[in-house]
Amino acid sequence: MTVFRAAQALTVKRPTAARAGARRARLAANSALAVIGLCFVLPLAWLLLASVDPHAGYQTRWPASPSFANFAAVLTPELLFQPLVNSLLLSAGTAIVNMVAAVLAAYPLSRYRSRFNKPFMYAILIGTSLPVTAIMVPVYGLFVQLQLLDSMPATIFFMATTTLPMAIWMTRNFMDSVPLELEEAAWMDGASGPATLRKIVLPLMRQGLGVVFVFVFMQAWGNFFVPFILLLTTAKQPASVSVFSFFGQHGAIAYGQLAAFSILYSVPVLVLYTVVARGSKFELSPSIAA
Amino acid sequence: MPDSTRRRAIKHRFLRLLPVVPSILLLALFFLAPVAWSFGASFTDAALTGKAALHPQWVGVDNYARMLGDAVFPLSAWLTVVFVGASAILGQNLLGLAIAVLMGKAGGTMNSFVGTAVVAAWVLPEIVAAFAAYAYFSQDGTLNQVLGMFGVHGANWLYALPMATIILANIWRGTAFSMLVYRAALSEVPRDVSEAALMDGARGWQRLAYITLPIIRGSIATNLMLITLQTLAVFTLIWVMTAGGPSNASTTLPVLAYQEAFKLGDIGYGTAIASVLILIGLVFGAAYVRLLRGEKQ
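Analysis parameters
Residues numbered from 1 in each chain as written. Chains lettered and ligands numbered in written order. Predicted model: local features only at pLDDT ≥ 70, side-chain atom pairs only at ≥ 80, totals over all residues. Heavy atoms only, no water. UniProt positions renumbered as here; feature names shortened; annotations may be inferred. Contact = heavy atoms within 4.5 Å. Buried area = accessible area lost by both parts, 1.4 Å probe. Salt bridge = Lys/Arg side-chain N within 4 Å of Asp/Glu carboxyl O. Polar contact = N/O pair within 3.5 Å; in protein donor to acceptor, adjacent residues only side chain to side chain. Nonpolar A, V, L, I, M, F, W, Y, C, P; charged D, E, K, R; others polar. Helix = DSSP H or I, 4+ residues; strand = E, 2+ residues; numbered from the N terminus. Domains from an automatic or database assignment. Phe/Tyr/Trp six-rings, centres within 6.5 Å; stacked < 30°, edge-to-face > 60°. Buried < 20%, exposed > 50% of the residue type's maximum accessible area, 1.4 Å probe, protein only. Lys NZ or Arg CZ within 6 Å of the ring centre and 35° of its normal.

Within an unreviewed UniProt entry, the label attached to chain A reads Carbohydrate ABC transporter permease, and the organism entered is Arthrobacter terricola. We quote the UniProt Subcellular location (unreviewed entry) comment for chain A here in full: "Cell membrane". What UniProt records for chain A under Sequence similarities (unreviewed entry) is the sentence "Belongs to the binding-protein-dependent transport system permease family."

See the structure below:
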C-alpha cells in the first residue's frame with residue numbers, strides 16, 4: 001500500500017514542482033526567522049547604543065557624539081573592580097564547592113549498585129524543581145538566627161546548594177559515560193577507589209566537568225536575588241547587586257553608565273558561553289533535560 | 001553468613017557511600033532546613049523588627065486564613081497563573097518549537113543569526129536583561145519609537161499594561177531554553193519517518209501534528225515542566241520592570257512574598273506565601289519525576 005502510494009506520489013508530483021515548493025518553503029522559513037531574530041535583537045540595541053552615548057536616555061538613537069566616556073566613568077575601583085572581584089569570588093567559590101561535592105557524590109552513585117541510589121536521585125530531581133525565590137524568605141530567617149547574614153562564605157555555600165542538585169545530576173550522567181573497564185583494570189593493579197577517580201575517571205570526563213563548572217559559574221554570576229538578600233555591606237556586594245544602584249537608587253538614573261556597566265558585567269558570561277557552546281559537543285540545556 | 005563478615009559488609013557499604021555525605025549535609029542545611037523553617041514560621045507572627053522578631057508567637061493557621069480573606073493574595077495567585085501560562089506554556093514553548101521547526105527548513109546563515117539572537121537574551125545576566133526590557137517598554141523606549149514610525153503614539157507600557165510587558169519580556173528572555181530542547185529533540189527524529197510521510201503526500205503541518213510531535217512528546221512534557229518551574233520562580237525581571245505595580249497589577253507570588261516579608265517586615269505572612277510556592281514546586285517536581293520514570297519504562 002505504502003509502496004503503491006509512494007510510486008503514485010512520484011509520478012504525480014514532478015520533481016521540478018517539488019523543488020520549487022521546497023524553495024518556496026525555504027524562503028518562507030527564512031523570512032519568518034528573520035522577523036523573529038530582529039524582534040529578539042531589538043531590545044539589545046538600546047544597551048549597545050546608550051553605552052557609547054554620553055547623553056543617553058531611554059531612547060534608542062545614534063549617539064550625537066559617540067564616546068567611551070560612560071565606560072571611563074564606571075572604570076573605577078569601587079564602581080567596577082570591587083563588585084566584579086566580588087562576583088568572581090562568589091561565582092568561582094560556588095562553582096568549586098559544587099564541583100567537589102558533586103564529584104564526590106556522583107562517584108558512588110555511578111559506580112556502586114545500592115538501594116540508596118534511586119531514591120536519592122529522585123530526591124535530587126525534586127530538589128532541582130524547588131523555586132529558589134520561594135525559599136529566600138525562610139533562608140533569610142535562618143541566616144539571621146545562625147548569624148550568617150552578610151557572610152561571603154555562607155552565601156557561597158547557600159548558592160552552591162541551590163545549583164547542587166543539577167550539578168550532581170549532570171556529573172553523574174557524565175560519569176556514567178566513562179567505561180567501567182578502565183577502572184577495573186586499575187583495581188586489579190591494586191589502585192584504590194580515590195586513586196582511580198583522580199587518575200582515570202576525572203581526566204576522562206574533564207569536558208563534562210567543564211560544562212558543569214561553567215553552568216554553575218554562569219548561574220552564580222547572573223544571580224541577583226540571593227546576594228541582594230544575604231549580603232548587606234556594599235563592599236561585599238557583587239556586580240549584579242551594585243549595578244542596581246545605577247538604576248535610580250541614588251537619585252536620577254545614569255542611563256549611559258548603566259548600559260556601559262551592564263555590558264562590562266555581561267562580557268565574562270557571554271565569552272564563557274561561547275567557548276563552551278563552540279568547544280564541546282554538549283549543549284548546556286539539553287544535558288539538563290536528558 | 002557469620003556475624004562478623006556481615007558487619008564488615010555493612011561497614012563496607014557505608015564507607016562506599018561516605019563521599020555522598022558532604023552533599024547531603026549541604027542539602028539538609030540549606031534546602032531542607034529552610035523549607036521546614038518556612039512551614040514552621042508560617043504558623044507564627046514572626047516579624048523582621050520589633051517584639052515579634054525576638055519572640056514570635058504561635059498563631060495557628062491565622063496567616064493562611066488571612067491569605068484567603070486578603071484581596072491581594074487571590075489576585076497574586078491568579079497573576080502567577082496568567083504569567084506562567086502566557087509566557088512559559090504558550091509563549092516560550094510554542095515560539096521555541098516554531099523556531100526549531102523553521103530552522104530545519106531555513107539556511108545555515110539565517111539559523112546562526114536567529115540562534116545567536118535568541119540565545120543572547122538568555123545568556124545575559126538576568127538583571128541586565130531586565131534593564132534592557134525596561135528601557136524597551138518605557139515611554140520613550142524602542143517599542144514606542146518603532147510604533148512611532150507607523151504613526152502610532154504608544155503609551156507608557158510598563159504602567160498601562162504591566163502584565164503584558166513582563167509576559168513579553170519573559171518570552172524574550174526564556175525562549176532560548178525551549179528552542180535548544182526542541183532543536184535537540186527534532187534532530188533525533190529519524191529522517192526516513194518524515195520522508196515516508198512526505199511520500200504519502202502528507203502536508204507540512206500534518207506531518208508535524210501527527211508524526212513529529214508524537215515522537216518528541218517526551219521532550220515536550222519535560223520542557224513544559226522545566227519552563228513552568230523556572231517561570232514560577234521569576235523575581236528579578238518583574239522587580240526591575242514594574243516592582244509588582246502599579247498597585248499590585250503585576251504582583252506575582254514571589255514578588256508578594258518578598259514585599260510582605262522584607263518591605264512590610266511580616267516574616268510570618270511572607271513565609272506562609274513562600275510555603276504555598278514551595279508546595280506548588282514540590283507538586284510539580286513530583287509530577288516531573290513520575291514523568292521521567294514513565295518514559296524509562
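Caption draft 1: How the structure looks around the interface of chain A and chain B. Contacts between the two partners involve 88 residues from chain A, matched on the other side by 88 residues from chain B. Here chain A meets chain B over a buried area of about 7,800 Å², counting both sides, of which 80% is carbon and sulfur. When the area that chain A buries against chain B is broken down by residue, the three leading residues are Leu33(A), Phe40(A) and Val137(A), summing to 9%. Counting the contacts that link chain A with chain B gives zero salt bridges. There are four residue pairs in polar contact (both at pLDDT 80 or more) connecting chain A and chain B. Residue composition of the side of chain A that touches chain B, grouped by class: 66 nonpolar, 18 polar and four charged.

Caption draft 2: Looking closely at the environment of Pro194(A). Within the fold, Pro194(A) resides in helix α9 (residues 193-204). Sequence spacing of Pro194(A) and Leu33(A) is 161 residues, and the spatial spacing of their C-alpha atoms is 51 Å.

Caption draft 3: Examining the UniProt feature "transmembrane region" (unreviewed entry) in chain A more closely. Those places that UniProt annotates as "transmembrane region" (unreviewed entry) correspond, in this numbering, to residues 27-49, 84-107, 119-140, 152-170, 208-232 and 252-276 of chain A. Note that residues 84-107 of chain A is 100% helix and 0% strand, and that its end C-alpha atoms are spaced 34 Å apart.

Caption draft 4: Region of the structure containing the domain arrangement of chain A. Residue and element names in this part refer to chain A. With domains assigned, chain A is organised as domain 1 (15-51) and domain 2 (75-289). The gap between the C-alpha centroids of domain 1 and domain 2 is 35 Å. Between domain 1 and domain 2, a total of about 420 Å² is buried, with carbon and sulfur atoms accounting for 84% of that surface. Considering only the surface of domain 1 that becomes buried against domain 2, Trp46, Leu47 and Ser51 emerge as the three largest contributors, covering 78% of it. Inspection of the domain 1/domain 2 interface yields zero salt bridges. Viewed at the interface, domain 2 and domain 1 are joined by zero residue pairs in polar contact (both at pLDDT 80 or more). Its residues placed into classes, the side of domain 1 that touches domain 2 shows four nonpolar, one polar and no charged.

Caption draft 5: Representation of the packing of aromatic side chains. A complete count under the given rule lists 25 aromatic pairs over all chains for this structure. Both rings, one in Phe224(A) and one in Phe244(A), keep their centres 5.3 Å apart while their planes meet at 55°; by these two values the pair is tilted. Remark: Phe244(A) occurs in the loop between α12 (239-242) and α13 (255-279) and Phe224(A) occurs in the loop between α10 (206-222) and α11 (225-230); sequence separation between them is 20 residues. Accessibility classification places Phe224(A) together with Phe244(A) in one group, the buried group. Members of the aromatic cluster, each reached through a chain of ring pairs, are Tyr140(A), Phe224(A), Phe225(A), Phe228(A), Phe244(A), Phe235(B), Trp239(B), Tyr258(B) and Phe262(B). Looking at Arg66(B), its charged tip hangs above the ring of Tyr269(B), at a distance of 3.7 Å from the centre.

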